[in-house]
Amino acid sequence: MGRLSMGSQVEQAVIHFAEAANFYAALPGGGLHQAHVDMQMAAFALSSGQYDEVLRLTQRATAVATREQNAAVLATLQMLRAEALTATGRTAEGQAARLDSLGWARYGFGSEAQVKARLAEVSALAPRRTANR
């Protein structure tokens, strides 16, 4: 339901994803599913400028995605983390996270075009600062 609601009812989508996270947290073997939900929630947090939440969610999910060797999820988590770190002025850490994401992305997404597309998608989520801010 969260994925279906993403385009038109963002608040409902977040509620559905939170319910899914609670479900998977209680389910034996649900760790990778919960990491995937955390990735979705981190994307919502990034788009609304909640950078500390992005960092919290990506840190929690990265351990699971690494253990499960899910390259696509891990790459996306690192890309989200890179955007949040950069937005909070931690530019060097952001660049390192982005660089780390590329190896996983090439493995998880396959083609260079898909890697660039995912980078662009994640980058587009982050609110852009104006000169007045």
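### Remarks on the overall build of the protein chain
For step 1, the next point in the chain: Scanning the protein chain for helices and strands turns up seven helices and zero strands.
For step 2, the next point in the chain: When the helices and strands of the protein chain are read in sequence order from the N terminus, they spell out α-α-α-α-α-α-α.
For step 3, the next point in the chain: Classification of the 133 residues of the protein chain by burial places 38% in the buried group.
For step 4, the next point in the chain: Long-range pairs, those at least 24 residues apart, make up 53% of the contacts in the protein chain with a sequence separation of at least 6.
For step 5, the next point in the chain: Split by element, the accessible area of the protein chain, about 7,600 Å² in all, is 54% carbon and sulfur.

### Quick word on the environment of Arg98
For step 1, the next point in the chain: Position of Arg98 among the secondary structure elements: in helix 6 (residues 91–109).
For step 2, the next point in the chain: When near neighbours in sequence (up to four residues on either side) are disregarded, Arg98 contacts Ala82, Glu83, Thr86 and Leu119.
For step 3, the next point in the chain: A distance of 3.4 Å separates the side chain of Arg98 from the side chain of Glu83, its partner in a polar contact.

### What to know about the packing of helix 3 (residues 31–47) against helix 4 (residues 51–68)
For step 1, the next point in the chain: Running from N to C, helix 3 and helix 4 cross one another at 155°; their axes reach a closest spacing of 8 Å. If you check the angle between helix 3 and helix 4, you find them roughly antiparallel. Helix 3 and helix 4 meet at a crossing whose hand is left-handed. Residues Gly31, Leu32, Gln34, Ala35, Asp38, Met41, Ala42, Ala45 and Leu46 of helix 3 lie in contact with helix 4, whose contacting residues are Tyr51, Glu53, Val54, Leu57, Thr58, Arg60, Ala61, Val64, Ala65 and Glu68.
For step 2, the next point in the chain: Across the contact of helix 3 with helix 4, the residue classes break down as twelve nonpolar, three polar and four charged.

Reading the values: rules and limits
- Residues numbered from 1 in each chain as written.
- Predicted model: local features only at pLDDT ≥ 70, side-chain atom pairs only at ≥ 80, totals over all residues.
- Heavy atoms only, no water.
- Helix = DSSP H or I, 4+ residues; strand = E, 2+ residues; numbered from the N terminus.
- Buried < 20%, exposed > 50% of the residue type's maximum accessible area, 1.4 Å probe, protein only.
- Contact = heavy atoms within 4.5 Å.
- Areas by Shrake-Rupley, 256 points an atom, 1.4 Å probe, with all protein chains shown as cover.
- Polar contact = N/O pair within 3.5 Å; in protein donor to acceptor, adjacent residues only side chain to side chain.
- Axes fitted to C-alpha atoms, helices over the stretch in contact; angles between N-to-C directions.
- Parallel < 35°, antiparallel > 145°, perpendicular 65-115°, else oblique.
- Left-handed = near helix turned anticlockwise from the far one by under 90°.
- Nonpolar A, V, L, I, M, F, W, Y, C, P; charged D, E, K, R; others polar.

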